[in-house]
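# Commentary on secondary and tertiary structure
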2 protein chains.
Amino acid sequence: VLWSPEKITGPTALVLMGHGGGLHKKTPAMADRARTMVAAHGFHVAAIDAPGHGERPRTAEDDRARTEMRVPGRFKEVSVRYMASIARRAVPEWQATIDALTRLPELGAGAPVGFGGGISMGTAIGVPLTAADSRVRAAVFGGGLFVYDDLIAAARRVTVPVHFLLPWNDEHAGREEALALFDAFASGEKTLHANPGDHRTIRWSGLDENFLARHLN
Amino acid sequence: VLWSPEKITGPTALVLMGHGGGLHKKTPAMADRARTMVAAHGFHVAAIDAPGHGERPRTAEDDRARTEMRVPGRFKEVSVRYMASIARRAVPEWQATIDALTRLPELGAGAPVGFGGGISMGTAIGVPLTAADSRVRAAVFGGGLFVYDDLIAAARRVTVPVHFLLPWNDEHAGREEALALFDAFASGEKTLHANPGDHRTIRWSGLDENFLARHLN
């Protein structure tokens, strides 16, 4: 999905949105955020279905992971393995998406790219993408996920400005893990923003709404 | 010191500023923040010297603490005891200051009061003040200090919106202690904002500049 301004008034930026686990590229809350960003900043905002999500077929591995996650006591272990697998597949897909979209005349090859979030699975994919692709110049990440060694290693290769959103009371994913992930970013400019709530019920307040505009424009 | 708008255009709020340890009520960085707040939001902003600071006499206890803090290995223990002592003395002084300032016609007895910061000693004083005085309706606190049991206990009595600023790499004061202090606030709305740096070198970015205005106006 590509959300674009009605009128193109000058050079603009491309913002990538990552949906959460089990959701898809047209998830209403994410679509609302995308429309708000287009209206407020004139960005082009893109979302794609993650591997095994939305309109895409599931592999045998996807089906197995979704079944095994429900086995009592195995959620974390299976979830970490599955997130890492999804991220490995999704990074080259996002890079191909950037290739295609920056061939559009309204964007162009030099268009700055931002990763607009979100938390949870969006971060599992967005961190290695941002580490791997220098076209991504600023990124919004967040907690609400289990943090694993490959994700920390990718965060250590991220040097662009990072805005990191932490649901302070997440039931599933440990606060300490999320803080370790924030700590790992090599970015000279990074902000941790936490509000009470878990990653499904969180009500964000006082967000830095101009973070991407400041770094992409 | 009281910084006030040149023109009073309607009902406004009183914001209290706390200076850091060893500093005083006219510390340039704090005075700059005060002037910015007056200009941006029309607040009246007040600062007072903390006990034993600025133009105020030092007690024998103040002198002893300042000497003992320099004894190798005793900094943390003496600092915690001294902060607690300063806070006990400063809370009634701030309450008397609110009493006096809300008798001014441009403020009035019902004027909303905010604690505008800062981190470090400002927080050691501001947290028990906010817990003790229901006129304080929103508060900016922060890390950069050792956290002790009485401070955590006061935080558990704070229910107003809190914006908490954490220098992520403070050399002196532990990050875990600051996170425990943030965790302790009973406020339904609270935000943790962290940027890299220690409490003297920190460069804040993407702050929620409208936090006090949103809650006091």
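Residues numbered from 1 in each chain as written. Chains lettered and ligands numbered in written order. Predicted model: local features only at pLDDT ≥ 70, side-chain atom pairs only at ≥ 80, totals over all residues. Heavy atoms only, no water.

### Some details on the overall build of chain A
Rules: Secondary structure elements follow DSSP: runs of H or I no shorter than four residues count as helices, runs of E no shorter than two count as strands, and numbering proceeds from the N terminus. For a compact globule the rule gives 2.2 Å times the number of residues to the power 0.38, and the radius of gyration it is set against comes from C-alpha atoms. Exposure categories follow from relative accessible area, calculated using a 1.4 Å probe and restricted to protein chains: below 20% of the type maximum is buried, above 50% is exposed, and the middle band is partly exposed.
The helix and strand tally for chain A stands at seven helices and seven strands. Each helix and strand of chain A, ordered N terminal to C terminal, gives the series β-β-α-β-α-α-β-α-β-α-β-α-β-α. Radius of gyration (C-alpha) of chain A: 16 Å, near the 17 Å computed for a compact globule of 217 residues. Based on the C-alpha atoms only, the size of chain A along its principal axes is roughly 55 × 35 × 30 Å. The 217 residues of chain A split such that 57% are buried.

### As for the packing of aromatic side chains
Defined as follows: Classification of ring pairs rests on two measures: the distance between centres of Phe, Tyr or Trp rings, Trp counted by its six-membered ring, which must be within 6.5 Å, and the angle between planes, read as stacked under 30 degrees, edge-to-face over 60 and tilted in between. Whether a charge sits over a ring depends on NZ of Lys or CZ of Arg being within 6 Å of the ring centre and within 35 degrees of the ring normal.
Under the defined criterion, the tally for this structure stands at 12 aromatic pairs over all chains. Grouping aromatic residues by their ring pairs yields a cluster made of F115, F141, F164, F182 and F185 of chain A together with W168 of chain B. It is R175 of chain B that lies over the ring of W168 of chain B; its NZ or CZ is 3.9 Å from the centre. Over the aromatic face of F182 of chain B sits the side chain of K190 of chain B, whose NZ or CZ is 4.9 Å from the ring centroid.

### Section: the pattern of salt bridges
Pairing is possible between side chains that carry opposite charge, provided their charged atoms lie close to one another. Spelled out, the test is: The term salt bridge refers to a pairing of a side-chain nitrogen on Lys or Arg with a carboxyl oxygen on Asp or Glu at a separation within 4 Å.
Under the defined criterion, the tally for this structure stands at 30 salt bridges over all chains. Put simply, D208 of chain A and R214 of chain A hold a salt bridge, and the shortest N to O gap is 2.9 Å. With relative accessibility at 40%, the residue R214 of chain A sits in the partly exposed group. We note a salt bridge from R135 of chain B to D133 of chain B, for which the minimum N-O separation is 2.8 Å. Judged by its relative accessible area of 5%, D133 of chain B falls in the buried class.

### A short note on the environment of R58 of chain B
Residue and element names in this part refer to chain B. Quick reminder of the rule: The contact definition used throughout considers only heavy atoms, calling two residues in contact when any of these lie within 4.5 Å.
By the element assignment, R58 lies in the loop between β3 (44-47) and α2 (60-68). Note on R58: relative accessible area 46%, which makes it partly exposed. Excluding residues that lie within four positions of it along the chain, R58 makes contacts with G52, D63 and R66.

### Overview of the confidence of the model for chain A
Note the following rule: Per-residue confidence from the prediction method is given by pLDDT, with values spanning 0 to 100.
Model confidence for chain A is summarised by a mean pLDDT of 94, while 100% of its residues fall at 70 or above. The ipTM, which scores confidence in the relative placement of chains, is 0.86 for this predicted complex, and the corresponding pTM is 0.91.

### Notes on the interface of chain B and chain A
Put simply, the test is: A quick way to say it: buried area is the sum, across both parts, of accessible area lost when two parts are put together, with a 1.4 Å probe.
Contacts between chain B and chain A engage 18 residues on the former and 18 residues on the latter. Contact between chain B and chain A buries roughly 1,500 Å² in total, counting both sides, with carbon and sulfur atoms accounting for 54%. On the surface where chain B and chain A come into contact, there are two salt bridges. A salt bridge links D183 of chain A to R175 of chain B; the shortest N-O distance between them is 3.3 Å.

### Points about the side chain of N195 of chain A
We apply this condition: We call two N or O atoms a polar contact when they sit within 3.5 Å, provided that within protein one can donate a hydrogen and the other can accept it, with sequence-adjacent residues counted only if both atoms are side-chain atoms.
Inspection of the secondary structure assignment puts N195 of chain A in strand β7 (residues 190-195). Taking relative accessible area as the criterion, N195 of chain A reaches 0% and is therefore assigned buried. Among the polar contacts made by the side chain of N195 of chain A, one reaches the side chain of H193 of chain A at a distance of 3.0 Å. Setting aside residues up to four positions removed in sequence, N195 of chain A forms contacts with L166, P167, W168, I202, R203, W204 and S205 of chain A together with K190 and T191 of chain B.

### A word on helix α3 (residues 75-101) of chain A
Given 3.6 residues to a turn, an α-helix orients residues that are three or four positions apart in the same direction. To keep things clear, this is the line we draw: Expected span of a helix, by definition, is 1.5 Å for each gap between consecutive residues, and there is one gap fewer than residues. One fitted axis covers the seven residues ending at a residue, a second covers the seven starting there, and the bend at that residue is the angle between these axes.
Taking 1.5 Å per residue as the helical rise, α3 of chain A with its 27 residues ought to reach 39 Å, and the 36 Å between its terminal C-alpha atoms agrees with that figure. When the local axis directions of α3 of chain A are compared, the greatest deviation, roughly 30°, occurs at A90 of chain A, which is followed within four positions by the proline P92 of chain A.

### Topic: the nonpolar core
This is how it is decided: Working definition of a nonpolar core: buried Ala, Val, Leu, Ile, Met, Phe, Trp, Tyr and Cys residues. They are joined through side-chain atoms within 4.5 Å.
Residues F164 of chain A together with F164 of chain B are the most contacted members of the largest nonpolar core, which totals 103 residues. Sort the elements by how many residues they give to this core and helix α3 (residues 75-101) of chain B lands first, with 12 residues.

### Thoughts on the pairing of strand β7 (residues 190-195) of chain B
Where we set the bar: Any two strands with at least two DSSP bridges between them are considered paired.
Taking burial as the measure, the six residues of β7 of chain B include six buried ones, the bulk of the element. Side chains K190, L192 and A194 of chain B project from β7 of chain B onto one buried face, and the interleaved T191, H193 and N195 of chain B project onto a second face that is buried too. Pairing of β7 of chain A with β7 of chain B, which is carried by three bridges, proceeds in the antiparallel orientation. Bridging from a neighbouring strand, H193 of chain A pairs with H193 of chain B of β7 of chain B. Bridge count between strand β6 (residues 162-167) of chain B and β7 of chain B: six bridges; the pairing is parallel. Bridge pairing in β7 of chain B places H163 of chain B opposite T191 of chain B.

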